[in-house]
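Listed below, chain by chain, are the residues.
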Amino acid sequence: MPSTQLRVAGFADLDARTFHDLVRLRVDVFVVEQECAYPELDGRDVEPGTRHLWLARDGAVLAYLRILADPDGVARIGRVVVAPSARGAGHAGRLVVAALAEIGDRPCVLEAQSHLVDFYARHGFTVSGQEYVEDGIPHTPMRRDP
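Everything numeric here is computed off the predicted structure, so don't read it as measured data. (Residues numbered from 1 in each chain as written. Predicted model: local features only at pLDDT ≥ 70, side-chain atom pairs only at ≥ 80, totals over all residues. Heavy atoms only, no water.)

Undergrad: Can you help me understand the pattern of salt bridges in this one?
TA: Where charged atoms of side chains with opposite charge meet at close range, the side chains can pair. Within this structure, the stated rule accounts for 15 salt bridges. With a shortest N-O distance of 3.2 Å, R79 and E40 are connected by a salt bridge. Note that R79 is positioned in strand β4 (residues 75-82) and E40 in the loop between α1 (16-33) and β2 (51-57), a separation of 39 residues in sequence. Taken individually, R79 and E40 each receive the classification buried, so the pair is uniform in this respect. (Salt bridge = Lys/Arg side-chain N within 4 Å of Asp/Glu carboxyl O. Helix = DSSP H or I, 4+ residues; strand = E, 2+ residues; numbered from the N terminus. Buried < 20%, exposed > 50% of the residue type's maximum accessible area, 1.4 Å probe, protein only.)

So this is what it looks like as structure tokens:
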């Protein structure tokens, strides 16, 4: 069985095909599957402090997330996504663990889809604000302090 590889890169280190494949997965899930029309390309992918983490097998992207460097020094995890064909194999958890290792001892925040609060709580995140609805999907702000 082919192995799944963890990859980490800044935008400048991504080739065009890889960036295309990462964004394609995000659009396929967030825009098409979840039926959320929103500006997926928000300009933050190209920021120097952004780190892209993904799992690939045989060149195919299975799961992805990005880490943003917010102006206040807090790391922000976002765009956590797993391809429909790869769900249930622990890929999201593996990426979150890798992201937290990358972040180190900095505080970290994320905006969890509310049905995933328990998943993120298993990784040390706690609810840090009121639930809200964005693009028709309930979200809950969460934070992890070192």
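Undergrad: Would you take a moment to explain the nonpolar core for this structure?
TA: Counting 39 residues, the largest nonpolar core has W54, L65, I77, Y120 and F125 as the members making the most contacts within it. It is helix α2 (residues 91-103) that provides the largest number of residues to this core, a total of 7 residues. Every residue in contact with I77, bar those within four places of it in the chain, is listed here: L65, R66, A99, L100, I103, C108, V109, L110 and F125. (Core = buried A, V, L, I, M, F, W, Y, C linked by side-chain atoms within 4.5 Å. Contact = heavy atoms within 4.5 Å.)

Undergrad: How do you make sense of α2 when you look at a structure like this?
TA: Because an α-helix completes one turn every 3.6 residues, residues spaced three or four positions apart along the sequence face the same direction. Over its 13 residues, α2 runs 18 Å from end to end, which matches the ideal 18 Å to within 8%, given 1.5 Å per residue. Phi turns positive one or two residues past the end of α2, at G104, with a value near 70°. (Expected span 1.5 Å × (residues − 1).)

Undergrad: Before we go on, may I ask you to explain the confidence of the model for the protein in this structure?
TA: In this model, the protein carries an average pLDDT of 93, and 99% of its residues clear a pLDDT of 70 or more. Between the elements of the protein, mean pLDDT differs from a low of 91, seen in α1, to a high of 98, seen in strand β6 (residues 126-127). (pLDDT = per-residue confidence, 0-100.)

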